[in-house]
Amino acid sequence: MIEMRILITGITGFVGSHLAEYALERGAEVFGSIRWRSKMEHMEPLRDRVTLIESDLRDLLSVRTVLEQAQPDYIVHLAAQSFVAASWQTPVETFYTNVVSQMHLFEGMRQLGSAARFLVIGSSEEYGLAEPDELPIRETNPLRPLSPYAVSKVAQDLMGWQYYKSYGMHVVRARAFNHTGPRRGDAFSESNFGKQIAEMEAGLREPVVHVGDLKPTRDFSDVRDIVRGYWLLLERGTPGEVYNLCSGLEWSIERLLNFLIEKSTLQHVEIRQDPARLRPSDVPVLRGSRQKIESSLGWRTTIPLEQTLTDLLEYWRRRIGSRPR
Ligand code: A2R
């Protein structure tokens, strides 16, 4: 078997660390771009098995150096300002990080004549406002982004299409719906709830969960299913095409929270809304159609969300438990 060389930008993040693990299991040689100040926590267990390259994705020369060193067959561009809520405070930074870094990768590839397969990481947030009669959301649905983050993802997605069309580059576009699991950043609601609950169980905070809007519904998958889907898209996705990755199931944020509370050892928990956690405009409903990727490539989610959330809570319990008091 030929050993694939994969370059993962954003390898230190939530998805990046899971993808690196999966790629290693598949026998790939894994390269990751990092920043000098990147948090290395998720990299510790993998450190001896991956090659980390310090770089600045906002600098074309630096990106070229990464490409030259990694000589990748596959590139997955996960580096991003990944948090929707933060994008309201930092719209320019969000756009610049997400969009310009991808353009540098494409331009670097062109300059070096790289024939690598490139996976663009889009998001269900690109669909934004979906009317009830437009559900489940297919790849052909209109894009009505409702946040600076969502606009940056639309730009990344359409840039992928343009580089495929203009230069014949092997670009596949993924639109991943929400995904979670162990190592999810604590800025994200479900992970934040898990962390708060684990801290309450450890007696580190009063039994009050601080929440934002609990009404929106989302289509959640397990991150371990998502990275398997990403790998499949690199192997067998049709260049230029876009694919939803989703479970097709809808959970409200409230249901997620209640599930985590039920899983906890706590007798009574107060739920308190924190106005700072509300957004200027939020997407009310996201439920995807997984028909395209399932019928063309045979991918579907395998891990029920109940299992994912249980693993997420366990992750926080382990972390909180090991914290010095
Ligand atoms: O913050 P760091 O240095 O540990 O690296 C994060 C990286 N990142 C950047 N890398 C280079 N230049 C930047 N300006 C920059 N800003 C952030 O992106 C980290 O390795 C990664 C983001 O990790 P998470 O926040 O955990 O995001 P997650 O959930 O892994 O999202 C991966 C992709 C993104 O495209 C999302 O927009 C999408 O999936 O949902």
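Small disclaimer: the values here were computed from a predicted structure and weren't measured.

What counts and how
Each residue is numbered by its place in its chain's sequence as written, counting from 1. Reporting in this predicted model follows two pLDDT cut-offs: at least 70 for local features of residues, and 80 or more for side-chain atom pairs to be given and counted; totals over whole chains, interfaces and linings ignore these cut-offs and use all residues. Hydrogens and water molecules were not included; the side-chain quantities draw on all heavy atoms of the structure. Delimitation of the domains relies on an automatic or database domain assignment. Contacts are assigned to residue pairs with any non-hydrogen atoms lying within 4.5 Å of each other. When two parts are put together, the accessible area they lose, computed with a 1.4 Å probe and summed over both, is reported as buried area. Note on definitions: salt bridges are taken to be side-chain nitrogens of Lys or Arg within 4 Å of carboxyl oxygens of Asp or Glu. Any pair of nitrogen or oxygen atoms within 3.5 Å is treated as a polar contact; in protein, a donor-acceptor pairing is required on top of that, and neighbouring residues in sequence qualify only through side-chain atoms on both sides. By definition, any uninterrupted DSSP run of H or I lasting at least four residues is a helix, any uninterrupted run of E lasting at least two residues is a strand, and each is numbered from the N terminus. Throughout this entry, Asp, Glu, Lys and Arg are counted as charged residues, while Ala, Val, Leu, Ile, Met, Phe, Trp, Tyr, Cys and Pro are counted as nonpolar. The remaining residues, Gly among them, count as polar. Axis definition: a line fit to C-alpha positions, over the contact stretch in the case of helices; interaxial angles, taken between N-to-C directions, run 0 to 180 degrees. In what follows, roughly perpendicular refers to angles from 65 to 115 degrees, roughly parallel to angles under 35, roughly antiparallel to angles over 145, and oblique to any angle outside these ranges. By the definition used in this description, the sense in which the near helix is turned from the far one sets the handedness, with an anticlockwise turn below a right angle giving left-handed and a clockwise turn giving right-handed. Each helix should span, by expectation, one fewer than its residue count multiplied by 1.5 Å. A simple rule labels every residue: compare its accessible area, found with a 1.4 Å probe on the protein chains alone, to the largest value its type can have, and call it buried under 20%, exposed over 50%, or partly exposed in between. Strands were regarded as paired on the criterion that DSSP finds at least two bridges between them. In plain words, nonpolar cores are sets of buried Ala, Val, Leu, Ile, Met, Phe, Trp, Tyr and Cys residues tied together by side-chain atoms within 4.5 Å.

Enquirer: Mind showing me how you'd approach the domain arrangement of the protein here?
Expert: For an interface, size is often stated in terms of accessible area lost upon the parts coming together. For the protein, the assigned domains read domain 1 (5-179 + 219-245) and domain 2 (185-218 + 251-284 + 304-321). Taking the mean C-alpha position of each, domain 1 and domain 2 sit 27 Å from one another. At the interface, 17 residues of domain 1 touch 17 residues of domain 2. For the pair domain 1 and domain 2, the summed buried surface comes to about 1,500 Å²; carbon and sulfur atoms form 60% of the total. The largest contributions to the domain 1 side of the interface with domain 2 come from F83, W88 and F220, which together make up 38% of the buried area. If you look at where domain 1 meets domain 2, you find three salt bridges. A salt bridge links R224 to D311; the shortest N-O distance between them is 2.9 Å. Viewed at the interface, domain 2 and domain 1 are joined by three residue pairs in polar contact (both at pLDDT 80 or more). Ranked by the residues each element gives to the side of domain 1 that touches domain 2, the list is headed by helix α3 (residues 84-89), at three residues. Residues belonging to the side of domain 1 that touches domain 2 are distributed by class as follows: seven nonpolar, five polar and five charged.

Enquirer: Could you clarify how one ought to interpret the packing of helix α2 (residues 60-70) against helix α4 (residues 91-112) in this entry?
Expert: When two helices pack together, you describe them by how their axes are tilted relative to each other and by the distance separating the axes. It is the contact of α2 with α4, at a shortest axis distance of 9 Å, that shows an interaxial angle of 60 degrees. Put simply, α2 runs oblique to α4. Seen along the crossing, α2 lies across α4 with a hand that is right-handed. Listed contacts from α4 to L60, V63, R64, L67 and E68 of α2 are H104, L105, E107, G108, M109, Q111 and L112. Of the residues contributing to the contact of α2 with α4, the split by class is six nonpolar, three polar and three charged.

Enquirer: What am I meant to see in helix α6 (residues 189-201) here?
Expert: Side chains that are three or four residues apart share a direction in an α-helix, a result of its 3.6 residues per turn. Between its first and last C-alpha, α6 extends 18 Å over 13 residues, near the 18 Å set by a 1.5 Å rise per residue. Within α6, eleven of the 13 residues are buried, which leaves it mostly tucked inside the rest of the structure. Buried within α6 we find E190, S191, N192, F193, G194, K195, Q196, I197, A198, E199 and M200. Just downstream of α6, G203 is the residue with a positive phi angle, here 75 degrees.

Enquirer: Is there a simple way to think about the sheet that holds strand β6 (residues 171-176) in this case?
Expert: Either a parallel or an antiparallel arrangement is found when strands of a sheet pair, and the pairing is made through backbone hydrogen bonds. The parallel open sheet is built from seven strands, whose spatial order is β3-β2-β1-β4-β5-β6-β11. The two strands at the open ends of the sheet, each matched to only one other strand, are β3 (50-54) and β11 (242-245). Direction aside, the axes of adjacent strands within the sheet are offset by 20 degrees on average. Taken together, the four bridges between β6 and β11 define a ladder with parallel strand orientation. Directly across from A174, in β11, lies its bridge partner Y243. Contacts between α2 and the sheet are confined to β1 (5-9), β2 (29-34), β3 and β4 (74-77), with β1 contributing the most and set at about 155 degrees to the helix.

Enquirer: In this structure, what is going on with the nonpolar core? I would like to understand it.
Expert: Within the largest apolar cluster, 38 residues are counted, with the highest numbers of intra-cluster contacts made by I6, V30, L119, Y230 and L233. When near neighbours in sequence (up to four residues on either side) are disregarded, Y230 contacts V15, L78, L119, I121, A174, A176, H179 and L245. The next biggest cluster of nonpolar side chains, apart from the first, holds 23 residues, and it includes I197, F259, L305 and L313.

Enquirer: What am I meant to see in the pattern of salt bridges here?
Expert: Two side chains of opposite charge can pair, provided their charged atoms sit close to one another. Within this structure, the stated rule accounts for 26 salt bridges. Note that D213 and K215 form a salt bridge whose closest N and O atoms lie 3.6 Å from each other. Taking relative accessible area as the criterion, D213 reaches 29% and is therefore assigned partly exposed. Notably, a salt bridge pairs R277 with D274, separated by 3.5 Å at the nearest N-O pair. Here R277 falls in the partly exposed class, since its relative accessible area comes to 33%. Here the salt bridges do not stand alone but share partners, grouping E126, D157, R173 and R175 into one network.

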